[in-house]
There are 4 protein chains.
Amino acid sequence: MQRIALVGAGFIGSVHAAALAAHPDVDLVLVHDVDADRAEAVAARHGSRAATRLEEVFDGEHVDAVLIASSTDTHTEHLRRAADAGVAVLCEKPIDGDLARAVDAVEHVEASGVPAMVGFNRRFDRANVELKRVVDAGEVGEVELVQMTNRGPVSPPLEYVAVSGGQLRDQTVHFFDLTRWLTGQDPVEVHVLGSALADPRITRYGDVDTSVAVLRLPTGAVVQIDSVRRTGYGYDERVEVMGSTGLAQAAAQRTGSVTRFGGTEAVSAGLHAGWFERVQPTYAASLAGFVAALEAGTPVPVTLRDGLRAQAIAEAATVSLRSGRTEEIRYP
Amino acid sequence: MQRIALVGAGFIGSVHAAALAAHPDVDLVLVHDVDADRAEAVAARHGSRAATRLEEVFDGEHVDAVLIASSTDTHTEHLRRAADAGVAVLCEKPIDGDLARAVDAVEHVEASGVPAMVGFNRRFDRANVELKRVVDAGEVGEVELVQMTNRGPVSPPLEYVAVSGGQLRDQTVHFFDLTRWLTGQDPVEVHVLGSALADPRITRYGDVDTSVAVLRLPTGAVVQIDSVRRTGYGYDERVEVMGSTGLAQAAAQRTGSVTRFGGTEAVSAGLHAGWFERVQPTYAASLAGFVAALEAGTPVPVTLRDGLRAQAIAEAATVSLRSGRTEEIRYP
Amino acid sequence: MQRIALVGAGFIGSVHAAALAAHPDVDLVLVHDVDADRAEAVAARHGSRAATRLEEVFDGEHVDAVLIASSTDTHTEHLRRAADAGVAVLCEKPIDGDLARAVDAVEHVEASGVPAMVGFNRRFDRANVELKRVVDAGEVGEVELVQMTNRGPVSPPLEYVAVSGGQLRDQTVHFFDLTRWLTGQDPVEVHVLGSALADPRITRYGDVDTSVAVLRLPTGAVVQIDSVRRTGYGYDERVEVMGSTGLAQAAAQRTGSVTRFGGTEAVSAGLHAGWFERVQPTYAASLAGFVAALEAGTPVPVTLRDGLRAQAIAEAATVSLRSGRTEEIRYP
Amino acid sequence: MQRIALVGAGFIGSVHAAALAAHPDVDLVLVHDVDADRAEAVAARHGSRAATRLEEVFDGEHVDAVLIASSTDTHTEHLRRAADAGVAVLCEKPIDGDLARAVDAVEHVEASGVPAMVGFNRRFDRANVELKRVVDAGEVGEVELVQMTNRGPVSPPLEYVAVSGGQLRDQTVHFFDLTRWLTGQDPVEVHVLGSALADPRITRYGDVDTSVAVLRLPTGAVVQIDSVRRTGYGYDERVEVMGSTGLAQAAAQRTGSVTRFGGTEAVSAGLHAGWFERVQPTYAASLAGFVAALEAGTPVPVTLRDGLRAQAIAEAATVSLRSGRTEEIRYP
């Protein structure tokens with residue numbers, strides 16, 4: 001049984017809280033939030049207790065692990081405290097908006113030796129897990145072309161855009177990570193071409209909402225990722241991996257199985273209303289992977305270093321968006 | 001909050017226990033089973049308490065409702081006790097293997113006025129709910145032809161066949177109920193042609209494992225139901241409703257979304273391994289419908305009378321299997 | 001090069017004419033029709049010549065084979081003349097509306113030894129050919145359950161209904177033949193339940209337009225065939241064969257490959273507008289099978305005897321429709 | 001009736017010959033090829049006549065139009081002769097391997113006023129026609145992101161690579177044209193990232209076989225095109241257009257409709273064996289569009305100018321492949 005504290009009880013924190021409460025080997029011992037009422041409410045819902053002070057979380061005695069779901073600018077501080085207290089940690093992405101600061105924090109945590117995982121939950125999506133199995137088993141041969149689509153239905157509010165770091169760091173980064181994980185390779189260069197089509201006001205922040213990133217892997221294989229902030233048809237996520245002998249394709253997932261035929265058309269269920277409906281099950285799966293590693297004493301399935309590397313790709317991609325050049329990716 | 005007791009802690013009882021424990025408005029107060037250890041184990045798993053004596057369940061004070069998941073031959077006794085104690089009841093199908101005994105019990109319960117529901121959980125399957133919505137909205141016009149497929153992967157053991165009442169009463173009965181629910185009509189006649197192909201030993205019990213039942217509705221619409229006990233490809237359940245203006249079709253559900261293309265073929269995920277994997281979510285949905293009715297004071301969504309009527313169709317179907325004739329259905 | 005004459009230049013005759021003209025090894029030497037203008041028009045379209053008298057067709061010198069596409073009541077006469085003239089024959093189904101007359105004619109042709117084929121063109125449909133290959137290769141194990149759907153969009157005119165022999169002899173008979181061909185078995189009994197829903201006036205002729213026929217094969221395998229005269233969604237033909245180890249399914253064929261996603265729905269192409277659009281390619285394929293057999297001196301792929309056997313099933317099915325009993329099938 | 005001569009009787013010429021012969025309003029009057037035997041053979045197959053000298057084709061009296069399917073380096077000469085003779089022309093792409101020479105020829109033809117079409121036959125593919133209809137009808141809103149996949153199964157021989165101009169000019173150019181046609185916009189810039197994975201020897205010619213081209217349209221919309229020379233799974237062509245309100249998607253086309261379910265998998269038909277099997281029907285459709293324009297006296301559906309513009313995109317794309325920069329596209 002792992003005694004886990006949750007830091008951050010906003011929307012995504014409450015999703016984690018539910019996953020923690022439902023896991024048979026987890027005891028959700030504490031919930032902390034800068035908003036004490038919010039912590040209280042989430043704690044009450046799951047029969048846990050609110051911690052008003054962070055010291056309770058990091059006292060090194062009552063907590064085995066902490067799940068960091070607070071605002072991004074607090075992640076490195078919590079990571080350092082966890083490391084110092086010898087508490088394992090599962091941290092929402094990104095580690096920090098600033099890559100240098102993220103690197104410093106990760107080096108601190110690595111030095112401490114505490115198990116530390118970053119929450120790239122799409123690695124735990126059932127379709128992606130199956131793709132990974134297919135690729136690893138050599139069922140498509142050597143990877144040559146990867147294509148990923150990720151398109152959400154709603155443009156984020158401007159205030160979010162202002163602090164998000166931009167579409168590539170915020171949205172596409174998940175797929176930079178999937179690229180590394182699915183292919184087992186670190187991309188060497190990247191080019192991005194993007195536009196602000198749904199909400200042109202985001203150009204104030206140098207951001208785009210419709211972009212295509214193209215990456216080259218060390219083997220020469222090519223990866224294409226399209227990212228869209230606002231569709232008219234729900235949340236569309238698809239991944240396909242073409243290898244030298246075949247193609248593995250994870251289709252967009254429909255929300256129902258009924259088709260109506262009438263006249264000359266057939267109408268069937270469309271896609272999920274939003275990203276959350278699509279990826280919700282991955283939170284529990286990601287947590288399960290973390291807990292299983294803690295219990296077995298094996299490495300966590302996604303390291304902080306993985307987080308840094310995906311972030312480094314996003315940095316080079318962001319440079320390319322402005323330079324119009326294919327940019328080399330430099331990993332910390 | 002409904003205080004609910006569970007009677008029967010075998011396989012299906014334990015499924016119900018999990019649904020009861022997970023329902024936010026249910027307090028699983030007691031678990032009873034003829035095997036006290038089994039009751040104890042299920043109760044412990046969900047933080048409930050085992051009741052060694054049925055009197056505890058039916059004392060009329062500590063329990064608002066009872067979920068009957070014990071062996072079929074005990075259903076009518078429990079139904080009568082629930083009625084006498086003024087306790088609402090959700091009863092697994094069938095009400096009784098013998099239709100006359102079932103009718104007596106239902107009349108007793110109806111006289112008492114306690115809310116009583118029979119567990120035809122396929123009515124709560126998401127695909128069937130969507131089909132019902134489409135039909136009720138007139139999106140396919142007047143119903144003219146219904147086709148249902150239900151095929152499970154594993155022949156039941158002979159000792160189960162011996163007491164099951166036969167394929168039509170045990171397996172097909174769910175689809176006799178769906179027929180009534182989807183069309184809003186009581187079939188008037190039925191014909192069945194069947195064979196024992198997977199396990200010919202079941203002919204000792206007059207049973208079949210591969211059958212097609214055809215029914216006629218009062219409007220003249222025709223319903224075809226094929227039932228199979230043992231497939232080589234998992235659990236296959238499909239329903240389609242053709243009306244005067246269109247067709248609504250609930251496809252067989254695949255277990256994954258990845259397709260591999262290679263050479264000249266494409267390989268994708270098949271069907272569920274068994275009926276339970278396919279219909280598992282319907283247990284929670286069925287319970288939710290029961291609880292919502294109790295809380296709102298509205299009629300339960302599936303009545304015991306619905307149970308009797310589906311059973312009456314199964315009786316006529318069983319006669320037809322032997323007579324080779326189209327048989328009239330007589331409802332109690 | 002086969003010199004072939006066409007007898008009958010109505011709608012289906014003109015379809016055959018186009019197939020004959022396009023076949024590289026066929027010389028369409030003559031076209032005959034009771035309506036000389038019609039024969040003239042079809043002949044002119046394909047650079048052929050109209051024969052005003054049947055004697056030209058059956059003079060035994062200028063014609064190697066005849067394709068009979070005239071009205072059903074003339075088939076046996078033409079078959080006999082072909083046999084007497086030593087001319088091979090490809091005859092549209094049915095051989096005759098009256099089974100006894102059909103038997104007499106077939107015996108006459110068989111005695112003559114001329115190659116004679118009946119036009120069950122669905123055996124030449126690409127999907128059915130693939131199904132047959134799968135079944136014959138044992139890829140689904142022993143056949144246990146066959147399901148066929150055939151549903152056309154337009155009720156035939158009453159004057160056609162009056163002479164058609166009824167839905168089972170006219171429409172379902174193709175699938176009685178497919179049953180025999182796909183399984184390699186002659187069904188032993190049949191039951192039909194049907195209604196007149198689209199056009200109740202057809203009950204004057206004892207006919208139905210919505211029916212389910214269920215057959216039992218010698219192995220005990222069960223076959224279900226639903227036939228509908230008028231849908232609201234085009235022409236729907238599907239066949240599936242379930243065996244002891246798997247299922248082979250030929251899906252309904254869509255008329256396009258574009259899907260539109262918008263809001264919460266996805267809209268894609270529906271089915272063919274009518275049976276002809278769906279099965280058109282089978283006319284050329286059927287002719288190709290006939291010509292190949294003539295050139296190789298091998299048996300024709302569908303014999304007149306096959307025609308009689310499918311017709312015998314339709315006879316028993318028609319009796320069952322009225323008797324409500326499972327009827328034994330007697331083959332001539 | 002249009003009297004049309006065919007110049008070029010190689011593989012693609014013989015495909016055009018069959019389309020010409022089958023068109024009801026076309027008289028294939030002459031076939032010319034530098035190899036007189038080849039011309040003779042193709043002419044004989046379709047009841048036409050071989051022209052040994054080009055003068056016969058361009059005498060201005062016996063021919064209304066010419067279809068140019070000879071080797072690329074002869075196209076401009078034939079175009080000029082057709083213009084001078086007042087003969088309409090349908091010319092295979094590209095107009096010339098050298099863009100400047102192509103521009104000169106086009107200006108010459110335009111000055112003459114003869115109807116002249118370039119054979120971008122994918123515009124006549126049924127799926128693309130349906131996509132175009134959907135986009136033009138505004139059913140997906142304003143175009144924001146276009147994604148195209150075109151992947152063939154077999155690497156071309158090195159001697160072809162040497163003269164082909166490279167993957168972008170030879171293969172991707174069809175999709176540069178589709179981009180313009182589907183969106184009604186001329187792309188303003190392009191970036192390409194590519195590798196030689198299937199056959200590294202092609203790097204001798206500066207070529208790639210696996211590439212992603214990304215284009216920006218004047219509205220800011222983004223287009224992504226992946227092109228592959230050698231897959232392990234046949235010919236894969238897909239196009240999708242995402243607009244502000246929805247997505248229209250033309251799926252990869254399967255070669256059959258039968259699915260086999262067994263164990264936990266479902267096996268269905270894969271893709272076409274090659275590009276020709278997939279696009280074959282577009283040759284007749286393209287010709288039909290040309291002939292219809294000639295007969296109606298309306299503009300041809302694809303102009304030589306369209307050919308130049310697609311070629312200009314390919315030029316900029318080829319520059320980008322080497323520069324690593326997003327390149328501006330300059331149209332002649």
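Residues numbered from 1 in each chain as written. Chains lettered and ligands numbered in written order. Predicted model: local features only at pLDDT ≥ 70, side-chain atom pairs only at ≥ 80, totals over all residues. Heavy atoms only, no water.

1. A short note on the packing of helix H4 (residues 75–85) of chain D against helix H5 (residues 99–112) of chain D
All names here are of chain D.
Now for step 1: Direction vectors running N to C along H4 and H5 enclose 10°, while the axes themselves pass 9 Å from each other. In this view, H4 runs roughly parallel relative to H5, as classed from their interaxial angle. Our pair here, H4 against H5, has a crossing hand that is left-handed. In this structure, H4 contributes Thr-76, Leu-79, Arg-80, Ala-83 and Asp-84 to the contact, and H5 contributes Arg-101, Asp-104, Ala-105, His-108, Val-109 and Ser-112.
Now for step 2: Tallied by class, residues from the contact of H4 with H5 come to 4 nonpolar, 3 polar and 4 charged. (Axes fitted to C-alpha atoms, helices over the stretch in contact; angles between N-to-C directions. Helix = DSSP H or I, 4+ residues; strand = E, 2+ residues; numbered from the N terminus. Parallel < 35°, antiparallel > 145°, perpendicular 65-115°, else oblique. Left-handed = near helix turned anticlockwise from the far one by under 90°. Contact = heavy atoms within 4.5 Å. Nonpolar A, V, L, I, M, F, W, Y, C, P; charged D, E, K, R; others polar.)

2. Some points on the relation of the copies chain A and chain D
Now for step 1: At an RMSD of 0.0 Å, chain A and chain D line up after a rotation of 180° and a shift of 0.0 Å along the axis. The operation mapping one copy onto its partner corresponds to a two-fold rotation axis. In terms of C-alpha distance to the rotation axis, chain A has A:Arg325 as its closest residue, with the C-alpha 2.2 Å off the axis.
Now for step 2: In this assembly the copies share their binding face: 100% of the residues contributing to the interface of chain A also contribute to that of chain D. (Least-squares fit on C-alpha atoms with pLDDT ≥ 70 in both.)

3. Re the confidence of the model for chain A
Now for step 1: Model confidence for chain A is summarised by a mean pLDDT of 97, while 100% of its residues fall at 70 or above.
Now for step 2: Prediction confidence for the complex, expressed as pTM and ipTM, is 0.96 and 0.95 respectively. (pLDDT = per-residue confidence, 0-100.)

4. Things to note about the relation of the copies chain B and chain A
One copy of the chain maps onto the other through a rotation about an axis followed by a shift along the same axis.
Now for step 1: For these two chains of identical sequence, chain B goes onto chain A by a turn of 180° and a shift of 0.1 Å along the axis, with RMSD 0.0 Å.
Now for step 2: The residues that chain B uses at the interface reappear at the interface of chain A in 100% of cases, marking a shared surface.

5. Some words on helix H6 (residues 126–136) of chain D
Now for step 1: Among the residues making up H6(D), those that are buried are D:Ala127, D:Asn128, D:Leu131, D:Val134 and D:Val135. End-on view of H6(D): buried residues confined to an arc of 120°, all on one side of the axis. Opposite its buried face, H6(D) presents the exposed residues D:Arg126 and D:Asp136, each directed more than 90 degrees away.
Now for step 2: Tucked inside the fold, the buried residues of H6(D) contact strand E12 (258–262) of chain C together with strand E6 (143–151), helix H8 (167–183), strand E10 (236–243) and strand E11 (246–250) of chain D.
Now for step 3: For H6(D), the N-terminal capping position is held by D:Asp125, with its side-chain oxygen 3.0 Å away from the main-chain nitrogen of D:Ala127.
Now for step 4: Once H6(D) ends, the next one or two residues include D:Gly138, with phi positive near 75°. (Buried < 20%, exposed > 50% of the residue type's maximum accessible area, 1.4 Å probe, protein only. Arc of directions from axis to C-beta. Polar contact = N/O pair within 3.5 Å; in protein donor to acceptor, adjacent residues only side chain to side chain.)

6. Concerning the packing of aromatic side chains
All names here are of chain A.
Now for step 1: Counted under the stated rule, the structure contains 16 aromatic pairs over all chains.
Now for step 2: Summarising the aromatic geometry, the rings of Phe-276 and Tyr-283 are spaced 6.3 Å apart at their centres and angled 40° between planes, so their arrangement reads as tilted.
Now for step 3: Note on Phe-276: relative accessible area 17%, which makes it buried.
Now for step 4: Residue Tyr-283 is classed as buried on the basis of its relative accessible area of 7%. (Phe/Tyr/Trp six-rings, centres within 6.5 Å; stacked < 30°, edge-to-face > 60°.)

7. Remarks on the interface of chain A and chain D
Now for step 1: At the interface, 40 residues of chain A touch 40 residues of chain D.
Now for step 2: Here chain A and chain D share an interface that buries about 3,200 Å² over both sides, 54% of which is from carbon and sulfur atoms.
Now for step 3: Interface area lost by chain A to chain D is led by A:Glu144, A:Leu193 and A:Leu197, which between them contribute 17%.
Now for step 4: On inspection of chain A and its partner chain D, the count reaches 6 salt bridges.
Now for step 5: Inspection of the chain A/chain D interface yields 19 residue pairs in polar contact (both at pLDDT 80 or more).
Now for step 6: Elements with a contribution of two residues or more to the side of chain A that touches chain D: strand E6 (143–151), strand E7 (189–195), strand E8 (210–216), strand E9 (222–228), strand E10 (236–243) and strand E11 (246–250) of chain A.
Now for step 7: A breakdown of the residues in the side of chain A that touches chain D according to their chemical character gives 12 nonpolar, 18 polar and 10 charged. (Buried area = accessible area lost by both parts, 1.4 Å probe. Salt bridge = Lys/Arg side-chain N within 4 Å of Asp/Glu carboxyl O.)

8. Some remarks on the interface of chain B and chain A
Now for step 1: Contacts between chain B and chain A engage 21 residues on the former and 22 residues on the latter.
Now for step 2: Together, the buried faces of chain B and chain A total about 1,600 Å²; carbon and sulfur atoms form 50% of this surface.
Now for step 3: Linking chain B with chain A are 2 salt bridges.
Now for step 4: Between A:Arg260 and B:Glu139 there is a salt bridge; the shortest N-O distance is 3.1 Å.
Now for step 5: For the side of chain B that touches chain A, the secondary-structure elements that each account for two or more residues are helix H6 (126–136), strand E11 (246–250) and strand E12 (258–262) of chain B.
Now for step 6: Strand direction decides the pairing type here: E11(A) and E12(B), joined by 5 bridges, are antiparallel. Note that in E12(B) the partner of A:Ala248 across the bridge is B:Arg260. (Pairing = 2+ DSSP bridges.)

9. A look at the side chain of A:Thr231
Now for step 1: Tracing the sequence through the fold places A:Thr231 in the loop between E9 and E10.
Now for step 2: Given a relative accessible area of 5%, A:Thr231 falls into the buried group.
Now for step 3: A polar side-chain atom of A:Thr231 sits 2.6 Å from the main-chain carbonyl oxygen of A:Gly234.
Now for step 4: Apart from residues no more than four positions distant in its own chain, A:Thr231 is found in contact with A:Arg151, A:Gly152, A:Pro153, D:Met242 and D:Ser244.

10. Things to note about the environment of C:Ala269
Now for step 1: One can find C:Ala269 in strand E13 (residues 265–269).
Now for step 2: Looking at C:Ala269, the relative accessible area reads 16%, which means it is buried.
Now for step 3: Remark: the alpha-carbon pair of C:Ala269 and C:Phe120, spanning 149 residues in sequence, is separated by 28 Å.
Now for step 4: What C:Ala269 contacts, discounting residues up to four positions off in sequence, is A:Thr264, A:Glu265, A:Ala266, C:Arg254, C:Thr255, C:Gly256 and C:Val258.

11. Thoughts on the sheet that holds strand E5 (residues 116–118) of chain D
All names here are of chain D.
Now for step 1: Taken in spatial order, the 5 strands line up as E2-E1-E3-E4-E5 in an open sheet, and their pairing is parallel. Of all strands in the sheet, those with a lone pairing partner are strand E2 (26–32) and E5, marking the two edges. Strand-to-strand twist in this sheet, taken as the mean axis angle between neighbours without regard to direction, amounts to 20°.
Now for step 2: Here strand E3 (residues 65–68) pairs with strand E4 (residues 88–91) via 4 bridges, running parallel.

12. Brief notes about the sheet that holds strand E5 (residues 116–118) of chain C
All names here are of chain C.
Now for step 1: Spatial ordering of the open sheet is given by E2-E1-E3-E4-E5, a layout of 5 strands whose pairing is parallel. Lying at the two open borders of the sheet, with one neighbouring strand each, are strand E2 (26–32) and E5. Taking the axes of each pair of neighbouring strands and ignoring which way they run, one obtains an average angle of 20° across the sheet.
Now for step 2: In this structure, strand E4 (residues 88–91) lies alongside E5, joined through 3 bridges in parallel fashion. Its bridge partner lying in E5, Leu-90 is registered against Met-117.

13. Quick word on the pairing of strand E10 (residues 236–243) of chain B
Residue and element names in this part refer to chain B.
Now for step 1: Among the 8 residues of E10, 8 are classified as buried, and the element is accordingly described as predominantly covered.
Now for step 2: Taking every second residue as pointing to the same face, both faces of E10 are buried, with Asp-236, Arg-238, Glu-240 and Met-242 on one and Glu-237, Val-239, Val-241 and Gly-243 on the other.
Now for step 3: Across 8 bridges, the pairing between strand E6 (residues 143–151) and E10 is antiparallel. When the bridges of E10 are listed, Met-148 appears paired with Val-239.
Now for step 4: When E10 meets E11, the two strands line up antiparallel, connected through 4 bridges.

14. Things to note about the pairing of E4(D)
All names here are of chain D.
Now for step 1: Every second residue of E4 is oriented toward a common face, with Ala-88 and Leu-90 on one face and Val-89 and Cys-91 on the other, all of them buried.
Now for step 2: Regarding topology, H4 serves as the crossover connection from E3 to the parallel E4, and that connection is right-handed.
Now for step 3: Crossover E4 to E5 through H5 is right-handed. (Right-handed = clockwise from strand over helix to strand, strands pointing away.)

15. Some remarks on helix H2 (residues 36–45) of chain A
All names here are of chain A.
Now for step 1: Within H2, burial applies to Ala-39, Val-42 and Ala-43. Seen along its axis, H2 keeps its buried residues to an arc of 100°; they face one direction. Of the exposed residues in H2, those oriented more than 90 degrees away from the buried face are Asp-37, Ala-44 and Arg-45.
Now for step 2: The elements touched by buried residues of H2 are strand E1 (2–7), helix H1 (11–22) and strand E2 (26–32).
Now for step 3: Sitting at the amino-terminal end of H2 is Asp-35, which places a side-chain oxygen 3.0 Å from the backbone nitrogen of Asp-37.

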